[in-house]
Amino acid sequence: MRTARTAAALLAVIALAAGCSGSGGKDDESDGNGGDGGKTAGTPRLKIAMVTHSGEGDTFWDIVQNGAKEAARKDNVEFLYSNDKEGKGQAELVQTAIDKKVDGIVVTLAKPEAMKAVLGKARKAGIPVVTINSGGEFSTRFGALGHIGQDESVAGEAVGDELDRRGRKKALCVIHEQGNVSLEQRCAGVKKTFDGTVENLNVDGTNAPGAQSSVSAKLQAAKDIDAVVTLGAPIAAVSVKAKEDADSDAEIDTFDLNAEVVKRLKAGEVGFAVDQQPYLQGYLAIDELWLYRSNANVIGGGKPVLTGPAVVTKKDVPKLEKYTARGTR
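Here goes a summary of the coordinates provided. Computed from a predicted model, the values in this text were never measured in an experiment.

So, the overall build of the protein chain
Step number 1: In terms of helices and strands, the protein chain carries eleven helices and twelve strands.
Step number 2: In the protein chain, buried positions account for 53% of the 329 residues.
Step number 3: Across the protein chain, every contact between residues at least 6 apart in sequence was considered, and the portion connecting residues at least 24 apart equals 72%.

A few points about the sheet that holds strand β9 (residues 251-255)
Step number 1: Read from one edge to the other, the open sheet built from six strands follows the order β7-β6-β8-β9-β10-β12, with strand pairing classed as mixed. For this open sheet the edge positions go to β7 (197-202) and β12 (310-312), each flanked by a neighbour on one side alone. Neighbour-to-neighbour, the strand axes of this sheet turn through a mean angle of 25 degrees, independent of strand direction.
Step number 2: By the bridge criterion, four bridges tie strand β8 (residues 227-230) to β9 in an arrangement that is parallel. Note on β9: the bridge partner recorded for Val228 is Ile252.

A word on the environment of Asp58
Step number 1: Looking at the secondary structure, you find Asp58 in the loop between β1 (46-52) and α2 (59-75).
Step number 2: Taking C-alpha positions, Asp58 is 8.4 Å from Gly205, a pair spaced 147 residues apart along the chain.
Step number 3: One polar contact links the side chain of Asp58 to the main-chain amide nitrogen of Phe60, over a distance of 3.1 Å.

Here we look at the packing of helix α7 (residues 208-221) against helix α8 (residues 233-246)
Step number 1: The interhelical angle for the contact between α7 and α8, taken along N-to-C directions, is 45 degrees, at an axis separation of 8 Å. One element, α7, and the other, α8, form an angle in the oblique class. Between α7 and α8 lies a crossing of right-handed hand. The residues of α8 that touch α7, namely those facing Ala208, Ala211, Gln212, Val215, Ser216, Leu219 and Gln220, are Val238, Ser239, Lys241, Ala242, Lys243, Asp245 and Ala246.
Step number 2: Broken down by class, the residue content of the contact of α7 with α8 amounts to seven nonpolar, four polar and three charged.

Concerning the sheet that holds strand β3 (residues 104-107)
Step number 1: Read across the open sheet, the six strands follow the order β2-β1-β3-β4-β5-β11; overall the sheet is parallel. Two strands close off the open sheet at either side, each with one partner strand: β2 (77-83) and β11 (305-306).
Step number 2: Pairing of β1 with β3, which is carried by four bridges, proceeds in the parallel orientation. Paired with Ile48 across the strands is Gly104, a residue of β3.

Quick notes on the pairing of β3
Moving residue by residue along a regular strand, the side chains alternate between the two faces of the sheet.
Step number 1: Where burial is concerned, the two faces of β3 agree: the one with Gly104 and Val106 and the one with Ile105 and Val107 are both buried.
Step number 2: With helix α4 (residues 112-124) bridging β3 and the parallel strand β4 (residues 129-132), this β-α-β connection has right-handed handedness.

Comments concerning the pattern of salt bridges
Step number 1: Following the criterion strictly, the structure yields 18 salt bridges and no others.
Step number 2: The shortest N-O distance in the salt bridge between Glu70 and Arg73 comes to 2.8 Å. Of this pair, Glu70 and Arg73 both sit in helix α2, three residues apart, roughly one helical turn.
Step number 3: Take Glu70: its relative accessible area is 2%, and that puts it in the buried class.

Here's the deal with the packing of helix α5 (residues 152-165) against helix α6 (residues 181-193)
Step number 1: Where α5 contacts α6, the axes come no closer than 6 Å and their chain directions differ by 40 degrees. Viewed along their axes, α5 and α6 adopt a mutual orientation that is oblique. Seen along the crossing, α5 lies across α6 with a hand that is right-handed. Side by side, α5 and α6 meet where Glu152, Ser153, Gly156, Glu157, Val159, Gly160, Asp161, Leu163 and Asp164 of the first sit next to Ser182, Gln185, Arg186, Gly189, Val190, Lys192 and Thr193 of the second.
Step number 2: Among the residues making up the contact of α5 with α6, the classes are represented as three nonpolar, seven polar and six charged.

Some details on helix α9 (residues 259-267)
Residues spaced three or four apart along an α-helix point in a common direction, a consequence of the helix completing one turn every 3.6 residues.
Step number 1: Looking at α9, one finds that the buried residues are Val261, Val262, Arg264 and Leu265. Relative to the axis of α9, the buried residues are bounded by an arc of 165 degrees and lie together on one face. Across from the buried face of α9, at angles greater than 90 degrees, the exposed residues are Lys263 and Ala267.
Step number 2: On the buried face of α9, the contacting elements are α8, β9, β10 (273-275), β12 and α11 (317-325).
Step number 3: Capping the start of α9 is the job of one residue whose side-chain oxygen sits 3.1 Å from the backbone nitrogen of Glu260: Asn258.

What to know about α11
Step number 1: Along α11, the residues classified as buried are Val317, Leu320 and Thr324. Angularly, the buried residues of α11 cover 70 degrees about the axis, an arc narrow enough to put them on a single face. Away from its buried face by more than 90 degrees, α11 exposes Pro318, Lys319, Lys322 and Ala325.
Step number 2: Where α11 is buried, its residues contact α9 and β12.
Step number 3: Directly after α11, the chain includes Gly327, whose backbone phi takes a positive value near 80 degrees.

Definitions and cut-offs
Residues numbered from 1 in each chain as written. Predicted model: local features only at pLDDT ≥ 70, side-chain atom pairs only at ≥ 80, totals over all residues. Heavy atoms only, no water. Helix = DSSP H or I, 4+ residues; strand = E, 2+ residues; numbered from the N terminus. Buried < 20%, exposed > 50% of the residue type's maximum accessible area, 1.4 Å probe, protein only. Contact = heavy atoms within 4.5 Å. Pairing = 2+ DSSP bridges. Axes fitted to C-alpha atoms, helices over the stretch in contact; angles between N-to-C directions. Polar contact = N/O pair within 3.5 Å; in protein donor to acceptor, adjacent residues only side chain to side chain. Parallel < 35°, antiparallel > 145°, perpendicular 65-115°, else oblique. Left-handed = near helix turned anticlockwise from the far one by under 90°. Nonpolar A, V, L, I, M, F, W, Y, C, P; charged D, E, K, R; others polar. Right-handed = clockwise from strand over helix to strand, strands pointing away. Salt bridge = Lys/Arg side-chain N within 4 Å of Asp/Glu carboxyl O. Arc of directions from axis to C-beta.

Written out as C-alpha cells, the structure reads:
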C-alpha cells in the first residue's frame, strides 16, 4: 500500500511538472526519443551534475543518461556527466562538481563509505543531492533528498522465486564489480528465496574476454550448474558465449535490459531479465532536483521511489523492442 501511495504521489508530481514545463517557455530541442516535444521550462537555467560508478562499456548508464538528458532539456538544465568505477575517483568527481558550484548532484552509492565525506561537503555547501541506483539504504543517512531505483534485495528475491518456478537447482551468480554493495545484495536476495544452491563468481566486468573465460571455466568444472544469473546486461551476452564454449545446458538469466538482451530473449538465448528502468532513474533524478530548486518539492516525501523490479520474458519482447532500440528501456 505504501508503494502504491508513493507511485500515486509520484504521478501527481510528474503531472505538475509537465504543466509547469509547458507554459511560457521556448521550443524544446528534444530528439523525440521519449520526450514530449513540448516546451522547455521558463525557470532559471540550472546546472546539475551526475556522478556514477560506471565502468567502461556498460550500456546501462547510456540509458540512464538518455533519461537524464531528456529531463534536462525539458527543465532548462545544463547536464554534466562523469563516472569512475573506483570509490575514491567517484568522490573526487563529486568534489569537482561542488567546486563548480552546481545547483544539484545526482550520485550512486555503490561504494557508500567512499562517498560519505564528500556528500557531507555538498550538504554544507547547500547543494541538494539525489541518489540513484545503488546504496539506497545510505541515501537519507548521507543527507540526500531521496533515492530513485529498485530495492536490490527484493529484486534478488524475485530472481530466486523465478528460478524456482523454472525448476532450477543450482545457480551461478556472476558479480562483475567486486565490492559493489548493490550487486552483493542481489546475489544475497537470490540465495534467500531460491530453493536450490547459489555460488557467487567475481569477474572483471570491464574485461569481457576475461569474464567470458572465467564463466566458461566454471561451467566446465561444474556441469550441474543449470542457471547463470548475471547482474548486468553486458555480462549476459558474455555468459551466452561462455555457455557455448563450455557446452553447458545452463539457462542464462540477467538483471537489466538493453537492445542486445531483448534480442537474446527473442532468440531464447536468455531466459528472463529483471528490468529496473534506468531511463526513469535518470529522468526522475533531474526532475526531482529541478522541482526542489523551483518549487521546494521532494518526490516520494523522502522515501525511496521504486523503478523496479519487473521480470521480463520472451512474451514481453514485442512491446519492448522499439524502446530498447532507441535507448530508452
